[in-house]
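As a plain string of letters, each chain reads:
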Amino acid sequence: MKKEKQESVLNRLKVFMGDKKYLFPISLTLSGLSAITGILPFIYIRQVIVEILDKGLSSNYQSILNSALFALLFAALTVLIYFLALVLSHIAAFRVEVGFQKVAMEKIMQMPLGFFDMHSTGKIRKVVNDGASVTHSFLAHNLPDLANAMITPIIILILMFYIDWRLAAACMIPLIVGFTIVGVLSSVGSKFQQLYFDSLEEMSSESVEYVRAIPVVKTFGQSIKSFERFYNSIINYRDMVLKYTLSWHKPYSFYLAIAQATAFFLIPFAILLIGRGANINQVLADFIFYLIIAPTITIALMRIMYLNQNKMIAKQAIDRLDALFDMKNLEYKKENVHIKNYDIEFKNVVFEYEGAGRNAVDNISFKVNSGESVALVGMSGGGKTTIARLCARFWDVKSGEIKIGGINVKDIPKKQLMDVVSFVFQNTKLFKMSIRDNIVFGKENYSEEDLLKAVKLSQSEDIISQLPDGLDTVIGTKGTYLSGGEQQRIALARAILKDAPIVLLDEATAFADPENEYLIQKALKELAAGKTSIMIAHRLTSVVDTDRILVISDGKIVEEGTHEELLNKGGQYKMMWDDYQKSIDWKINKGGAK
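If you're wondering where the values come from, they're calculated on a predicted model, not measured in any experiment.

Caption draft 1: Here's a closer look at the overall build of the protein. When helices and strands are counted, the protein shows 21 helices and 12 strands. Burial statistics for the protein: of 594 residues in total, 46% are counted as buried. Excluding contacts between residues fewer than 6 apart, the proportion of contacts in the protein whose partners are at least 24 apart in sequence is 78%. As displayed, the protein has an accessible area near 31,300 Å², and 59% of this comes from carbon and sulfur atoms.

This is how it looks when you write it as structure tokens:
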């Protein structure tokens, strides 16, 4: 994924240009041509000054008028050529902006499912959308200035030294000092860009997560405490930017002062030339000419500085896109395999999250027979969710192997693997589409009868009956919203319609109220009937009827058996069950909690 460091930003952006690559060379050529034509008005202006000082305005009026008209003509031509250069650069830049987002989305779709557990949606959105925006600005507005800013100073310097090298040398003093300052500021700025984008990314991610969590925050009265992380990210960003900005205060002020000090150096040189017997009119004409044209080099230097700054920003955007997807892609087989049954088998599986320093799953071995239901229970962070997601190859294991029907999941093509597995997670994802579209999402061949059966088995009939347009009601329109439990039942209808032989259930009733929990439990039984299922639950009453229960702790299986067997063992499961029963029986009376 990572590009070579030596590769230029422009070459790295060509990946996103598509069929518009040819526009940038044309844009740069036109920009360079505008730099050449942009010098001609100054030459004609100098000619006007010389003629006025030598012969006066009235004695040579026609010649002066012609020179003025030519100056105006070439100035207009320069504007036109530069305008065309900008038009072409904007067209290509828009293509790059779209291409940046398109390539990013293609890479996102290729990422393993574990990628979305490791990166928040706020971070992904920030990297992709902001990256596309800054690359557009760089290509559309700054890159056309490249040829112009490089050619203009060269031509002007040649012209200035040709006319009078002594006055040209005087003009060079502030230019050299200014150029040195620009170089120093640019080198410092490159280090800052990394810190800037890190802070901006953190703040953006925290803001998205905070906004999404506002309902929970308000419900539990944690507004001040929960705001702390978001607030700290803002403060860190403010302090870093303020410190960096203030560090520019003196050098940039000095640069602006020296860049505008051409006259300060020209005047003593001009006086010195006149004192040595030079033609006063000639010296005065050249003096005025240099006062007019020298600032053009300063403007070119400013363009170069902004160009370098925005080039660094564009480079950071591409680097961040590369870093975001700097995750080993899972390799899938292309040809479908024959899966004779739907057993799930873990053989000495070890898995570690990147940078975690410890195994999330530590040498686990177990088998779920085809059609069997197995529950994973244990304390939070013990590895239950990781085990379930490894079944669907969210990530590849560090060692050991996971088999479905005797075939290593690494040898099963992606689509085939996804076709045999259904997921129901605690965080339900419904799209802003109709209920029908949400249920049939991912199911290519189905009948209306299949759809209605899935609605019935998922206990969703009462939801559909209350909606204004039934199954065709679009979520989020006309005030139509579903509660968490209702969304979960629609997600179950989707899984039932898919009818995959393997079902993974991760805290499917976590956010449901008692009524919805009861309906969801009924739907889960319908979904898992006759299928190979792995269920994760904290509410132990939902796992008592499963064929087997695995107690997971620190990535290991510490107990295994049926509900009754585990209670009779008197081990960790028994303690969990007793604690759970106490929490159910807990109530409040006038004397306090019981």
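On we go from here.
Caption draft 2: Highlighting the pattern of salt bridges. Inspection of the entire model under this criterion finds 19 salt bridges. In this structure, Arg166 engages Asp164 in a salt bridge whose closest nitrogen and oxygen atoms are separated by 3.3 Å. Given the relative accessible area of 8%, Asp164 is considered buried. The salt bridge partner of Lys531 is Asp499, with a shortest N-O separation of 3.0 Å. Of this pair, Lys531 sits in the loop between α19 (514-528) and β8 (532-536) while Asp499 sits in the loop between α18 (484-498) and β7 (502-506); the two residues are 32 residues apart in sequence, bridging distant segments of the chain. When its relative accessible area of 49% is taken as the criterion, Asp499 is described as partly exposed.

Caption draft 3: Geometry of the sheet that holds strand β4 (residues 399-404). With respect to topology, 4 strands assemble into an open sheet ordered β2-β1-β4-β5, the strand pairing being antiparallel. The open sheet terminates on both sides in strands that have one partner only, identified here as β2 (361-368) and β5 (407-408). Pairing of strand β1 (residues 344-351) with β4 involves 5 bridges; the strand directions are antiparallel. Within β4, the position partnered with Lys347 by the bridge is Glu401. Lying over the sheet, helix α13 (residues 384-391) contacts β1, β2 and β4, oriented at roughly 120 degrees with respect to β1.

Caption draft 4: Spatial organisation of the confidence of the model for the protein. In this model, the protein carries an average pLDDT of 80, and 88% of its residues clear a pLDDT of 70 or more. Scored below 50 in pLDDT, residues 1-6 shows 8 contacts in the model against residues more than four places distant or in partner chains. Every residue in residues 587-594 is under pLDDT 50, and counting partners more than four places away or in other chains gives 8 contacts.

Caption draft 5: Region of the structure containing the environment of Ala169. Structurally, Ala169 is set in helix α7 (residues 165-212). Sequence separation between Ala169 and Phe265 is 96 residues, and the spatial gap between their C-alpha atoms is 9.5 Å.

Caption draft 6: Expanded view of the nonpolar core. If you look at the biggest cluster of nonpolar residues, it comprises 68 residues, and the most contacted ones within it are Leu13, Phe346 and Leu390. Take this core: its biggest share by element is 10 residues, from helix α3 (residues 61-110). Discounting chain neighbours no more than four positions away, the residues touching Phe346 are Ile364, Ser365, Phe366, Ile387, Leu390, Cys391, Glu401 and Ile402. If you look at the next biggest cluster of nonpolar residues, it comprises 40 residues, including Ala454, Ile490, Leu505 and Val551.

Caption draft 7: Structural view of the sheet that holds β7. If you walk across this open sheet you meet the 6 strands as β6-β7-β8-β3-β9-β10, and the pairing is mixed. Edge strands, defined here as strands with exactly one partner in the open sheet, are β6 (421-425) and β10 (556-561). On average, each strand axis in the sheet is tilted by 15 degrees relative to the strand beside it, whichever way the strands run. As defined by bridge partners, strand β3 (residues 373-377) adjoins strand β9 (residues 548-553) across 4 bridges and the pair is classed as parallel. Bridging across to β9, Ala375 finds its partner in Ile549.

Caption draft 8: Here's a closer look at unusual backbone geometry. Although it is not a glycine, Arg393 sits at a positive phi angle of roughly 60 degrees. In this structure, Gln459 is a non-glycine residue whose phi angle is positive, near 60 degrees. Relative to the helices and strands, Gln459 resides in the loop between α16 (448-457) and α17 (461-466). With relative accessibility at 19%, the residue Gln459 sits in the buried group.

Caption draft 9: Representation of the pairing of β8. With 5 of 5 residues buried, β8 is to be regarded as a mostly interior element. Of the two faces of β8, the one carrying Thr532, Ile534 and Ile536 and the one carrying Ser533 and Met535 are both buried. In terms of strand pairing, β3 meets β8 through 4 bridges, oriented parallel. Paired with Leu376 across the strands is Ile536, a residue of β8. When β7 meets β8, the two strands line up parallel, connected through 5 bridges.

Caption draft 10: Molecular detail of helix α10 (residues 249-259). By the burial criterion, the buried members of α10 are Tyr255, Ile258 and Ala259. Down the axis of α10, the sector holding all buried residues measures 95 degrees, keeping them to one side. Projecting away from the buried face of α10 at angles above 90 degrees are the exposed residues His249 and Lys250.

Caption draft 11: Focus on the environment of Leu390. Note on placement: Leu390 falls in helix α13. When the C-alpha atoms of Leu390 and Phe351 are compared, they prove to be 8.9 Å apart, with 39 residues separating the residues in sequence. The residues touching Leu390, leaving out its near neighbours within four places in the chain, are Phe346, Val349, Phe351, Val361, Trp395, Val397 and Ile402.

Caption draft 12: Just the packing of α10 against helix α12 (residues 280-324), in detail. Contact pair α10 / α12: the axes reach a minimum separation of 11 Å and the direction vectors enclose 150 degrees. The angle between the axes of α10 and α12 places the two elements in the roughly antiparallel class. For the element pair α10 and α12, the recorded crossing hand is right-handed. Here α10 contributes Tyr252, Tyr255 and Ala259 to the contact with α12, which in turn contributes Thr298, Leu301, Met302, Met305 and Tyr306. Within the contact of α10 with α12, the residues separate by chemical class into 7 nonpolar, 1 polar and no charged.

Caption draft 13: Fine view of the packing of helix α6 (residues 144-163) against α12. Orientation of α6 relative to α12, taken along the N-to-C sense of each, is 155 degrees, at an axis distance of 9 Å. It follows from the interaxial angle that α6 and α12 lie roughly antiparallel. Where α6 crosses over α12, the handedness of that crossing is left-handed. Contacts between α6 and α12 involve Asp145, Leu146, Asn148, Ala149, Met150, Thr152, Pro153, Ile156, Leu157, Leu159, Met160 and Ile163 from the first element and Asp286, Phe289, Tyr290, Ile293, Thr296, Ile297, Ala300, Arg303, Ile304 and Leu307 from the second.

Caption draft 14: Here's a closer look at the pairing of β1. Here 5 bridges tie β1 to β2, and the two strands are oriented antiparallel to one another. Considered in β2, the bridge of Ile344 is made with Val368.

Caption draft 15: Main features of the side chain of Ser34. Mapped onto the elements of the fold, Ser34 is located in helix α2 (residues 23-55). Here the side chain of Ser34 touches Asn148 through a polar contact of 3.1 Å, side chain to side chain. Residues contacting Ser34, with those up to four places away along its chain left out, are Thr78, Ile81, Tyr82 and Asn148.

Rules of the game
- Residues numbered from 1 in each chain as written.
- Predicted model: local features only at pLDDT ≥ 70, side-chain atom pairs only at ≥ 80, totals over all residues.
- Heavy atoms only, no water.
- Helix = DSSP H or I, 4+ residues; strand = E, 2+ residues; numbered from the N terminus.
- Buried < 20%, exposed > 50% of the residue type's maximum accessible area, 1.4 Å probe, protein only.
- Contact = heavy atoms within 4.5 Å.
- Areas by Shrake-Rupley, 256 points an atom, 1.4 Å probe, with all protein chains shown as cover.
- Salt bridge = Lys/Arg side-chain N within 4 Å of Asp/Glu carboxyl O.
- Pairing = 2+ DSSP bridges.
- Axes fitted to C-alpha atoms, helices over the stretch in contact; angles between N-to-C directions.
- pLDDT = per-residue confidence, 0-100.
- Core = buried A, V, L, I, M, F, W, Y, C linked by side-chain atoms within 4.5 Å.
- Arc of directions from axis to C-beta.
- Parallel < 35°, antiparallel > 145°, perpendicular 65-115°, else oblique.
- Left-handed = near helix turned anticlockwise from the far one by under 90°.
- Nonpolar A, V, L, I, M, F, W, Y, C, P; charged D, E, K, R; others polar.
- Polar contact = N/O pair within 3.5 Å; in protein donor to acceptor, adjacent residues only side chain to side chain.

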